[in-house]
Each structure stands twice: as structure tokens, then as C-alpha cells.
Amino acid sequence: MTDPLTGSLLAGWDTLYSYLSQHVLTCLVPAFFIAGGIAAFLKKEAILKYFSPDAKKSVAYGIASVSGTVLAVCSCTILPMFAGILKKGAGLGPAITFLYAGPAINILAIVYTANVLGLDLGFARAVVAVVSAIAIGLIMAWLFRHEVQDGQKKGSGAPRSDAAPCEEERPRWVVPLFFVLLVAVLLVATSGFLDVLVRLFVVYFLTMGIAVLLIYYFTRDEVTIWGLETWDLTKKILPLLIVGTFALGVLAYFLPPETFQPYFGSNDLFSCFLAALVGAILYMPTLLEVPIIGTTLGYLSGVMAKGPALALLLSGPTISLPSLLVIYRVIGGKKTVAYAVLVIIFATVGGYLFGALGL
């Protein structure tokens, strides 16, 4: 009979091996390259300049709500950016929408969720996160409409962005096509309805198309920056994901997912609220919420219901006790409490409706 220490280590390895073999090569690697391309070729200033209080609400909230897919930020990097855009004159509402949406719809997290936990949950996470981000931002702006943000009127002008000569000479269709090909590689590599050889064949030609664009339309320095950005993102996220997934396997050995079934096994309102509350308290590094829900809490084994799973996905990566302390230093106690309560409420309602509709 295996002793507890050996059994727990084997359980951790089995969990880690399963996730690495099934999801890293086909899912995370292409997504890292996409995120690196976003960081290298899309300027953050081009997005942040629309957060000014003078900007149209539809523009400001719309851009802020999808900022996570464009900026590819995680829960740790969103906080200083949030403080920065407030100092530059962003309105409270768009800034809060940006704060929520950044980690909530991180392109890596959405793709990873859909690939591991199911397309329905990944799609619901993206849609509900965008709607919740806009609603929470609008409510926060209304709740504190009489308060004037310090420095809100200072530096509200759009940041100056000088295009490099290569950017001026390059046709406009090149960068969009570059991202289309990268996303196509991701979709083909993760598609389960295609034969392995067919997937390899298609991915090969898509990769050749990307190589042609890089050779003829991008400078060596730009390609180097893309590689460095991709590597920087990979080394920050992947080690945490590996260690965290292994630790979750060990934890699942001592604390089987069935333990949580009385609390997260149904789609009732209390289960969704409890999941949202747990997510708001725990610190979850980006992407780690997926194996937590899938393995530790037993979503993949049918122990955790869809509603609580979505509620945890909506609140977990967005806020935590450490992040709330940082937010408190930026906007004060009242706004922080209001923001945390709104996140929990919207995560609870979103999870409950998703579970009740049986999508």
C-alpha cells in the first residue's frame, strides 16, 4: 500500500502531466505567442487615451470592457496600470471597467478555460465578464458621481505615440493578418474534430504564412521584441501554473473534490454566492483558477455544478484580499468595498443564471 507522502506526490505528478500533455503544446504555446504579439505590436496608449472623462461612454466603456484581450494583462499587472490611468485623468467608471475586465477576459485565461473546462463555460466567462465589467463601471460612476477624483483633470490628453518608420511603410493589412494566422494556429491546434496529421499539416502552412509576414514586413528588431515579450509572459506565468497545478494535485489527494459537493454541487443561489465569495478571498494567479475548478473542486468529474464554477471564474481572478488592499490605497475604503461587493453580486448572479438556464 502506498504511503501518504508518495501517494500525494504521485497524484500531483499525474495532475501536472495530464494538464501539460493535453493543453500546453496545443493551447498555451500558441496563446503565449498571441499575447506576446499583442504586447509587441499593439500600443497600450492607443487604448488608454479613450478612457478620458470627455470620451463618449460607449467608446470608453466599450474599449475598457475588452481591454483584457488586447492588453493581455493578469491580475498582478492590472493594478499599477489602473492607478496609472486614474492619474492620467481617466474617469472612475471606465477605470473600474478596465480594472475588472483586464484579468477577467485575459486571452490566455479565456482560451485555457474553453479548452480545459469546455467551450460553453469559456464562452459564458467571456460574455458575462464583459457585461459585468461595463455594469460595474457604470454603477461605480453613478454611486460616486459627486466625488471628484484627485488629478482627474490633469494629464487627460491622449499620450503621444510616434510611429516608427517601418510602421508607416508597412501596409495596414499586415498586422491584422498576422494575428488572424496566429489565432488560426490556436484554433486548429486545439480542434478535436480534426485528425492529428491534418492538424499538423494545416498548422505547418499557417506557420509558413506567419514566417513570410515576419520576413518581408517586420524588422529584425520587431521580431526580437515579439520573442522577448512572449518569453517574458511565459516565464512569469508558466512556472506558477506548473507549481500550482502540481500542488493542486497533492491537495486533491488529501482533500478529494467530493468534499465540496455539499457546497458547490448544485446551481442554487447560495452555492453561487459561496463560490463568488471564496473567489473574492483567495489569491489565484492567472490561469490557476482553471485547474482549481477542474480538478480540486471537481468540475471535470461532475462534482461542481456549472453555476458555482462560473461564479468562481468571474470573481477569483478579478479580486483577492491582497489586490483589494492595493485598490484601497488607490481609491480609498468606500470605493473598494463597493467594488468588491459589486464583483461578488455580479459573479453570483451570472453563475446562477448560467446554471439555471442550463447552457
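Residues numbered from 1 in each chain as written. Predicted model: local features only at pLDDT ≥ 70, side-chain atom pairs only at ≥ 80, totals over all residues. Heavy atoms only, no water.

Draft legend 1. The arrangement of the overall build of the chain in detail. Counting secondary structure elements, the chain contains 18 helices and 0 strands. Taken over 359 residues, the chain has a buried fraction of 49%. Counting contacts in the chain only where the partners sit at least 6 residues apart, residues at least 24 apart contribute 83% of the total. Roughly 17300 Å² of accessible area belongs to the chain as shown, and the carbon and sulfur atoms make up 70% of that amount. (Helix = DSSP H or I, 4+ residues; strand = E, 2+ residues; numbered from the N terminus. Buried < 20%, exposed > 50% of the residue type's maximum accessible area, 1.4 Å probe, protein only. Contact = heavy atoms within 4.5 Å. Areas by Shrake-Rupley, 256 points an atom, 1.4 Å probe, with all protein chains shown as cover.)

Draft legend 2. Structural view of the pattern of salt bridges. Scanning the entire structure with this criterion turns up 3 salt bridges. The partner of D120 in a salt bridge is K306, with the nearest N and O atoms 2.7 Å apart. Here K306 lies in helix α16 (residues 306-315) and D120 lies in helix α8 (residues 119-143), a separation of 186 residues in the sequence. On the accessibility criterion, D120 (28% relative accessible area) is partly exposed. Taking the relative accessible area as the measure of exposure, K306 reaches 29% and is therefore partly exposed. Here R125 makes a salt bridge to E289, at a shortest N to O gap of 2.9 Å. Of this pair, R125 sits in helix α8 while E289 sits in helix α15 (residues 289-296), and the two are 164 residues apart along the sequence. E289 shares its class with R125; the two are buried. (Salt bridge = Lys/Arg side-chain N within 4 Å of Asp/Glu carboxyl O.)

Draft legend 3. Broad picture of the packing of α8 against α16. Here α8 crosses α16 at 50°, and the two axes come no closer than 10 Å. With respect to their mutual orientation, α8 and α16 come out oblique. The two elements α8 and α16 cross, and the hand of that crossing is right-handed. On α16, the residues that touch D120, L121, A124, R125, V128 and A129 of α8 are K306, A309, L310, L313 and L314. Broken down by class, the residue content of the contact of α8 with α16 amounts to 8 nonpolar, no polar and 3 charged. (Axes fitted to C-alpha atoms, helices over the stretch in contact; angles between N-to-C directions. Parallel < 35°, antiparallel > 145°, perpendicular 65-115°, else oblique. Left-handed = near helix turned anticlockwise from the far one by under 90°. Nonpolar A, V, L, I, M, F, W, Y, C, P; charged D, E, K, R; others polar.)

Draft legend 4. Looking closely at the packing of aromatic side chains. Counted by the stated rule, this structure contains 11 aromatic pairs. Ring centres 5.5 Å apart and planes at 75° place the aromatic pair F178 and F179 in the edge-to-face group. For the pair F178 and F179, one class covers both residues: buried. When the centroid spacing of 5.4 Å and the interplanar angle of 85° are considered together, the rings of Y204 and F205 count as edge-to-face. The partly exposed category is assigned to Y204, whose relative accessible area is 47%. Sitting over the ring of W142, R145 keeps its end group 4.4 Å from the ring centre. (Phe/Tyr/Trp six-rings, centres within 6.5 Å; stacked < 30°, edge-to-face > 60°. Lys NZ or Arg CZ within 6 Å of the ring centre and 35° of its normal.)

Draft legend 5. A look at the confidence of the model for the chain. With 84% of its residues at a pLDDT of at least 70, the chain reaches an overall mean of 82. Segment residues 149-165 is flagged for pLDDT under 50; beyond a separation of four residues in sequence, or across chains, it makes 22 contacts in the model. (pLDDT = per-residue confidence, 0-100.)

Draft legend 6. How the structure looks around α8. Between its terminal C-alpha atoms α8 stretches 36 Å, which fits the 36 Å expected from 25 residues at 1.5 Å a residue. Listed in full, the buried residues belonging to α8 are L121, G122, A124, R125, V128, A129, S132, A133, I136, G137 and M140. Next to the buried residues of α8 lie α3 (57-65), α6 (92-104), α7 (107-117), α15, α16 and α18 (333-357). (Expected span 1.5 Å × (residues − 1).)

Draft legend 7. The nonpolar core, seen in detail. Among the nonpolar cores identified, the biggest contains 97 residues, and I96, Y100, L108, Y112, F178 and Y339 are the most heavily contacted of them. In terms of residue count, helix α10 (residues 174-190) provides more of this core than any other element does, 10 residues in total. Leave out the neighbours within four places in its chain, and F178 touches F41, I210, L213, L214, F218 and W226. (Core = buried A, V, L, I, M, F, W, Y, C linked by side-chain atoms within 4.5 Å.)

Draft legend 8. Representation of the packing of α8 against α18 in the model. Interhelical geometry of α8 versus α18 gives an angle of 145° and a closest axis separation of 10 Å. Where α8 crosses over α18, the handedness of that crossing is right-handed. Contact residues: α8 offers D120, L121, A124, V128, S132, A135, I136, I139, M140 and L143, while α18 offers K335, A338, Y339, L342, V343, F346, G350 and F354. When grouped by side-chain class, the residues that make up the contact of α8 with α18 number 14 nonpolar, 2 polar and 2 charged.

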